[in-house]
Amino acid sequence: MDMESAAELEQMRAEAIVAAERAGRLIVRWSLDRTYEVREKEGTEIVTTADLRADEIIREHLHSMFPTHRFVSEEVAGPFDFAGPVWVIDPIDGTANYAHGHPYVSISVALVVDGEPRVGVVHAPFLHETFDAIAGCGARCNGRPIRVSEASDLRRALVGTGFPHDRTDLTRPVERVKRLLEHCQDVRRAGSPALDICWVAAGRLDAHCESLGPWDIAAAGLIATEAGALRGNLSPNTSAFPPALNGEEFIVSTPRIFESLSELLKHG
């Protein structure tokens, strides 16, 4: 990238951090005061008024700084258009955790240009950590560089995962968890996949696998790959989203276990 675009991306990263941390202060305050409401969303999920207000805070700040950019959010219905510069937002990743007072929650903000993530920020307000990355410039946590683990043996790998909101057929995800338990050191299911993926970036997990939405992986996927992770999908691409935002059967891991873990889960 040229110097001008590098400077622009630095500004976008800085403003995305400001927006995410503002939203984070709001959701922490509302959690402590229990001032939010919980509502059903599409029958299988929940949304809180804190999700909706956090989404507004992020949009308002970024629109004031970049008025020509568009937005895609988990909390706003499609259709989704990723042409040009688009901010992809998940205002609370881990809403079920949030509604139960569980601190493993994150806020995800990514700048995507023509379907390619260029800036990613994942803020964990209860844990006081902010992960970020610019494409081609490495990944950080609270301003310090991070790197994936050196794991090279599946038997010593700690793997994060999750389950779909639609529980009508759990055959495949349950079989995959069984295989992970049989072949890896252990499995973690923490409830905020964007934060799990950032923990892969920081070497706290060795891998994560789960079917996800573009808002789950837009920022975190960039942060992980900038920290040295490999990523992919376990099944052929049938998603309507751009390849870099395709979260169907998503897998991300430290490089030396990526192929063996992918083969293990594909056969599952």
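Numbering of residues starts from 1 in each chain and follows the order in which that chain's sequence is written. Given that the model is predicted, a residue must reach a pLDDT of at least 70 before its local features are reported, and side-chain atom pairs must reach 80 or more before they are shown or counted; all residues, however, enter totals for whole chains, interfaces and linings. With hydrogens and water set aside, each side-chain value is computed from the structure's full complement of heavy atoms.

Caption draft 1: Looking closely at the overall build of the chain. A run of H or I in DSSP becomes a helix once it reaches four residues, and a run of E becomes a strand once it reaches two; helices and strands are each numbered from the N terminus. Along its length, the chain carries seven helices and 14 strands. As a reference, a globule follows 2.2 Å times the number of residues to the power 0.38, and the radius of gyration itself is taken over C-alpha atoms. A compact globule built from 268 residues should have a C-alpha radius of gyration of about 18 Å, and the chain, at 18 Å, falls within 12% of that. Over its C-alpha atoms, taken along the principal directions, the chain stretches across nearly 50 × 45 × 35 Å. Contacts in the chain between residues far apart in sequence, at least 24 positions, make up 64% of those at least 6 positions apart. Each accessible area value is a Shrake-Rupley result obtained with a 1.4 Å probe; residue values ignore everything except the protein chains displayed when judging cover. In the structure as shown, the chain presents an accessible area of about 12100 Å², 52% of it carried by carbon and sulfur atoms. With 27 positive and 40 negative side-chain charges, the chain shows a separation of 5 Å between the mean positions of the two kinds. Contacts were defined at the residue level, with two residues in contact if any of their heavy atoms lie within 4.5 Å. Charged-residue counts in this description rest on Lys and Arg as positive and Asp and Glu as negative, His and the chain ends being excluded. Charge placement uses NZ in Lys and CZ in Arg. For Asp and Glu, CG and CD serve respectively.

Caption draft 2: How the structure looks around the packing of aromatic side chains. Two aromatic rings, drawn from Phe, Tyr or Trp (for Trp, its six-membered ring), form a pair once their centres lie within 6.5 Å of each other, and the interplanar angle then sorts them: stacked below 30 degrees, edge-to-face above 60, tilted otherwise. The tally for this structure, following the rule as stated, stands at eight aromatic pairs. Centre to centre, the rings of Phe80 and Trp215 are 5.5 Å apart; their planes meet at 70°, and the pair counts as edge-to-face. One end of the pair, Phe80, is in the loop between strand 3 (70-73) and strand 4 (85-93); the other, Trp215, is in helix 6 (residues 214-226), and 135 residues separate them in sequence. Through successive ring pairs, a cluster of aromatic residues spans Phe80, Phe82, Trp215 and Phe241. Taking NZ or CZ as reference, Arg204 lies 5.0 Å from the ring centre of Trp199, over its face. Cation placement over rings: the criterion is NZ of Lys or CZ of Arg within 6 Å of the ring centroid and within 35° of the ring normal.

Caption draft 3: Seen up close, the pattern of salt bridges. Note on definitions: salt bridges are taken to be side-chain nitrogens of Lys or Arg within 4 Å of carboxyl oxygens of Asp or Glu. Applying the stated rule across the entire model yields 19 salt bridges. The salt bridge involving Lys41 is made with Glu74; its shortest N-O contact spans 3.7 Å. Of this pair, Lys41 sits in strand 1 (residues 38-41) while Glu74 sits in the loop between strand 3 and strand 4, and the two are 33 residues apart along the sequence. For Lys41, a relative accessible area of 14% corresponds to the buried category. Where Glu56 meets Arg53, a salt bridge forms, and the shortest distance between an N and an O atom there is 2.9 Å. Pair noted here: Glu56 and Arg53 are both in helix 2 (residues 49-65), with a separation of three residues, about one helical turn. Among the charged side chains, a network of salt bridges with common partners joins Glu10, Arg13, Asp132 and Arg140. Between buried and exposed lies partly exposed: a residue is buried under 20% and exposed over 50% of the maximum accessible area for its type, with that area taken using a 1.4 Å probe on protein chains only.

Caption draft 4: Structural context of the pairing of strand 10 (residues 158-161). Side chains of strand 10 alternate between two faces, with Leu158 and Gly160 and Val159 and Thr161 buried alike. At least two DSSP bridges between two strands are required for those strands to pair. In the sheet, strand 10 pairs with strand 11 (residues 186-188) via three bridges, with the strands oriented parallel. The residue bridging Val159 from the neighbouring strand is Val187, located in strand 11. Taken together, strand 10, helix 4 (residues 171-183) and strand 11 constitute a β-α-β crossover, and its handedness is right-handed. By the bridge criterion, three bridges tie strand 10 to strand 12 (residues 207-210) in an arrangement that is parallel. Its bridge partner being in strand 12, Gly160 is matched across the sheet by His208. Orient the strands so they point away from the viewer, and a crossover whose first-strand-to-second-strand path over the helix runs clockwise is right-handed.

Caption draft 5: Region of the structure containing the sheet that holds strand 10. The five strands lie next to each other as 11-10-12-14-13, forming an open sheet whose pairing is mixed. Each end of this open sheet is capped by a strand with a single partner; those strands are strand 11 and strand 13 (230-233). Ignoring which end each strand starts from, the neighbouring axes of this sheet average 20° apart. Bridge analysis of strand 12 against strand 14 (residues 250-253) gives four bridges, and the strand direction is antiparallel. What sits directly across from Cys209, in strand 14, is Ile251. Each of strand 10, strand 11 and strand 12 is contacted by helix 4, which is oriented at about 135° to strand 11, the strand it contacts most. Helix axes are fitted only over the stretch in contact, all axes being lines through C-alpha atoms; the angle between N-to-C directions runs from 0 to 180 degrees. Sitting on the sheet, helix 5 (residues 193-201) is in contact with strand 10, strand 12 and strand 14, with an inclination near 150° to strand 12.

Caption draft 6: Structural context of the packing of helix 4 against helix 7 (residues 255-266). Contact geometry of helix 4 with helix 7 gives a least axis separation of 9 Å together with a crossing angle of 135°. As judged from the angle between their axes, helix 4 and helix 7 are oblique. Along this stretch, helix 4 crosses helix 7, giving a crossing that reads as right-handed. Where helix 4 abuts helix 7, its residues Arg176, Arg179, Leu180 and His183 lie against Leu261, Leu264, Leu265 and Lys266. Of the residues in the contact of helix 4 with helix 7, the class split is four nonpolar, one polar and three charged. Angular relationships are summarised with four words: roughly parallel below 35 degrees, roughly antiparallel beyond 145, roughly perpendicular across 65 to 115, and oblique for the angles in between. Crossing handedness: left-handed means the near helix sits turned counterclockwise from the far one by under a right angle, and right-handed means the same turn made clockwise. Amino acids outside the nonpolar list (Ala, Val, Leu, Ile, Met, Phe, Trp, Tyr, Cys, Pro) and the charged list (Asp, Glu, Lys, Arg) are all regarded as polar, and Gly is one of them.

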